[in-house]
Amino acid sequence: MKIPSFVCFSNKRRYLGKMGDNFVLLVMCLLTSTFSMSVAITSSSNGVVRLGLKKQSLGFNIIYAATRIKGRYSTYAKGAVTTTQDSDASEMNIISLKNYMDIQYFGEIGIGSPPQNFTVIFDTGSSNLWIPSSHCHFSVACFFHSRYNSSNSSTYTEIGKPCKINYGSGMILGFFSEDNIKVGDLVVKNQVFTEATREGSVVLSLASFDGILGLGFQDISVGNVAPLWHSMMQQSLVAQKVFSFWFNKDPMASEGGELVFGGVDPKHFKGQHTYVPVTQKGYWQIDLEDFLVADQSTGCCINCTAIVDSGTAFIAGPFDAVKKINDAIEAKGFVSMECKKAVSQYGDLIWQLLLSGPDKLCSSIGICSFNGTQHLSDSIKMVVEQKGETHNETEVGQDLVCAACELTVAWMRTEMMQKKTRGRVIEYVNKLCDTLPNPTTQLAVDCTKIPSMPTVSFVIGNKSFHLNPDQYILKVEQDMATFCISGFIPLDVPVSPPQGPLWILGEIFMEAYHTVFDFGNLRVGFAEAA
């Protein structure tokens, strides 16, 4: 795409699921926490930097989900494949990352001289580094995060060229600057990055991270800026042109994982890596030969490809394919789930009250807090009347239980007028619950059924990479209750023939498989995580 003078546009889109503040929404993953972060960095030389990932205790002040999925994948050149030897772990430095609810992993970098510290997401699905700027005065997000002050750095070089990065949830406005970047005990000199002066998203305001450090190719870099990883190689700071991720799913563990620049830590994987070539340079895109449910091919993968993305929490794929998985694990939309809960918990009571004919039924039994003057709440109207439209999912979620109750009452009243029996009426209402549109992409599952759920496998490089239910189901605890959601979300990305359907293999996949990004040989490797 052509870039207008003095303005650079990102070609990534972010899909951020949002939710209300009742208990249903708490199960939907991530982004806000008020805890402080500490990063352990082990020093060493020999051109290898290990950034150890640290995890934090779970907090439940969750407001927004952060399912960050990319939307544009252009055509890039195909790379070659050769071999690379694993590095000796004793030669590595560690950059610590932190895990919050198994959804995002954070690490610390320093910018300037002396270094000013920031927490960032290390994102293989983008290629730019941005952090909040001290010049940010009119964005709430900047006041919740550390801000870079160029006047305090002796190695700062002014560029000033404005930059705009668009996301599905908002945008980043700022300008390019140049300074030294400290990663572990390595210093990348004269690195161009973005000082963000406006973060136009509530999600970014509440995020636990300060910025994003992209690890993709320069082909998708905003403003054609050399990514920090490229600068590391150009300045001969790493022993090998590879970096690797190990994610530790256990949120209570002292180690959240590792990001290793310049090598591979053998203690974090079993056996040998299976390497496959990067098919389109830009994102870390590979061929996906098939995906299986209970070891049976779904027949949905013809010329499939996948983006391996450390900055996306879930696994995303074409709607029809993901539906097969979610149907197999009996995943339901949260609106449908709450509707069925209302029927199960209050169906008999509603039936009895309907027989006596009281008004304001849902408020009279304590489910709804409003005065009952409207027949259906705004939430119900939004769910029923705006099916398929774009709307504020937070508003939809805020009165989900109340809305489910009112829908149940309305449907039961209609059925009662036809003189149907209580059993027939409740059975009918349960079926109607299944037809409700789900305003978020995430789906709920019955936690008690996890042991009986099927294995889901991805065939890459003629090898099946299995995910068991404990690996692809996310559990969240709240008020002594456990909620479970599917790790698979639908995403249809337009592609040009002959390229087939596109998948995003995010952190859920990378938690199960230690992942090597081999820039020197343009390939990606997977081995069972240890």
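Above this text sits the structure in question.
Predicted model, so just to flag it, every value in this text is computed and none were measured.

(A) Layout of helix α5 (residues 319-328). Where α5 is concerned, the buried positions are A321, V322, I325 and N326. Projected down its long axis, α5 shows its buried positions confined to an angular sector of 130°, all on one face. Backbone geometry just after α5 places E330 at a positive phi near 60°.

(B) Spatial organisation of the nonpolar core. Of all hydrophobic cores here, the largest spans 86 residues; its most connected members are F261, F458 and W503. Two domains each provide a minimum of three residues to this core, namely domain 1 (49-73 + 94-247) and domain 2 (265-330 + 443-529). Counting 23 residues, the second-largest nonpolar core is a separate cluster that includes C339, L354, V409 and C433.

(C) Local environment of the sheet that holds strand β22 (residues 463-467). The 4 strands lie next to each other as β16-β15-β21-β22, forming an open sheet whose pairing is antiparallel. Across the chains shown, the open sheet's two edge strands, defined by having one partner strand only, are β16 (296-297) and β22.

(D) Examining the pairing of strand β15 (residues 290-293) more closely. The side-chain alternation of β15 yields two buried faces, one formed by D290 and L292 and the other by F291 and V293. In terms of strand pairing, β15 meets β16 through 2 bridges, oriented antiparallel. Each residue of the ladder has a partner; that of V293, found in β16, is Q296. Two successive antiparallel strands, β15 and β16, enclose a turn made up of 2 residues, where A294 displays a positive phi of approximately 55°.

(E) Representation of the pattern of salt bridges. According to the stated counting rule, one finds 6 salt bridges in the structure shown. The partner of R50 in a salt bridge is E258, with the nearest N and O atoms 2.1 Å apart. Residue R50 is found in strand β1 (residues 49-55), and its partner E258 is found in strand β11 (residues 257-261); the two are separated by 208 residues along the sequence. Residue E258 is classed as buried on the basis of its relative accessible area, which comes to 1%. The salt bridge partner of K323 is D327, with a shortest N-O separation of 2.8 Å. In this pair, K323 and D327 are both assigned in helix α5, 4 residues apart and thus about one turn of the helix distant. Overall, the relative accessible area of 42% leaves K323 in the partly exposed class. Judged by its relative accessible area of 45%, D327 is partly exposed. Among the ionic contacts, a cluster of salt bridges with common partners joins R50, E258 and D265.

(F) Spotlight on unusual backbone geometry. For the bond running from S113 to P114, omega is 0°, close enough to zero to count as cis. Considering the arrangement of structural elements, one finds P114 in the loop between β3 (104-111) and β4 (116-123). Backbone geometry at D295 places phi at a positive 65°, although glycine is not the residue there. Here D295 shows up in the loop between β15 and β16.

(G) Just the state of the cysteines, in detail. Applying the stated criterion across every chain yields a total of 3 disulfides. Note that C301 is cross-linked by a disulfide to C304, the S-S spacing being 2.4 Å. Measuring handedness by torsion sign, the sulfur bridge of C301 and C304 sits at about -115° and is left-handed. One disulfide bridge connects C447 with C484, the sulfur atoms lying 2.0 Å from each other. Taking the torsion about the sulfur-sulfur bond, which here is approximately 120°, the covalent link between C447 and C484 counts as right-handed. Taken together, the residues span a long stretch of sequence, with C447 in the loop between β20 (443-445) and β21 (456-460) and C484 in strand β24 (residues 481-486) at a distance of 37 residues. Judged by relative accessible area, C447 falls into the partly exposed class, the value being 24%. Classification of C484 by relative accessible area gives buried; the value is 3%. Here C300 stays unpaired: no disulfide links it, and the sulfur of C301, its closest cysteine neighbor, is 7.5 Å away.

(H) Representation of the sheet that holds strand β14 (residues 284-288). Pairing in this open sheet of 6 strands is mixed, and the strands run β13-β14-β17-β26-β18-β25 from one edge to the other. Among the strands making up the open sheet, the edge pair consists of β13 (280-281) and β25 (488-490). The sheet contact formed by strand β18 (residues 315-317) and strand β26 (residues 502-505) spans 2 bridges and is antiparallel. Counted as the bridge partner of I315 is L505 from β26. Contacts from α5 reach β18, β25 and β26 within the one sheet, and its direction differs from that of β25 by about 145°.

(I) Representation of the environment of R198. Following the sequence through the fold, R198 ends up in strand β8 (residues 186-199). Taking the relative accessible area as the measure of exposure, R198 reaches 41% and is therefore partly exposed. Considering only alpha carbons, one finds R198 and H135, 63 residues apart in sequence, at a separation of 9.2 Å.

Criteria and cut-off values
- Residues numbered from 1 in each chain as written.
- Predicted model: local features only at pLDDT ≥ 70, side-chain atom pairs only at ≥ 80, totals over all residues.
- Heavy atoms only, no water.
- Buried < 20%, exposed > 50% of the residue type's maximum accessible area, 1.4 Å probe, protein only.
- Helix = DSSP H or I, 4+ residues; strand = E, 2+ residues; numbered from the N terminus.
- Arc of directions from axis to C-beta.
- Core = buried A, V, L, I, M, F, W, Y, C linked by side-chain atoms within 4.5 Å.
- Domains from an automatic or database assignment.
- Pairing = 2+ DSSP bridges.
- Salt bridge = Lys/Arg side-chain N within 4 Å of Asp/Glu carboxyl O.
- Disulfide = S-S within 2.5 Å.
- Contact = heavy atoms within 4.5 Å.
- Axes fitted to C-alpha atoms, helices over the stretch in contact; angles between N-to-C directions.

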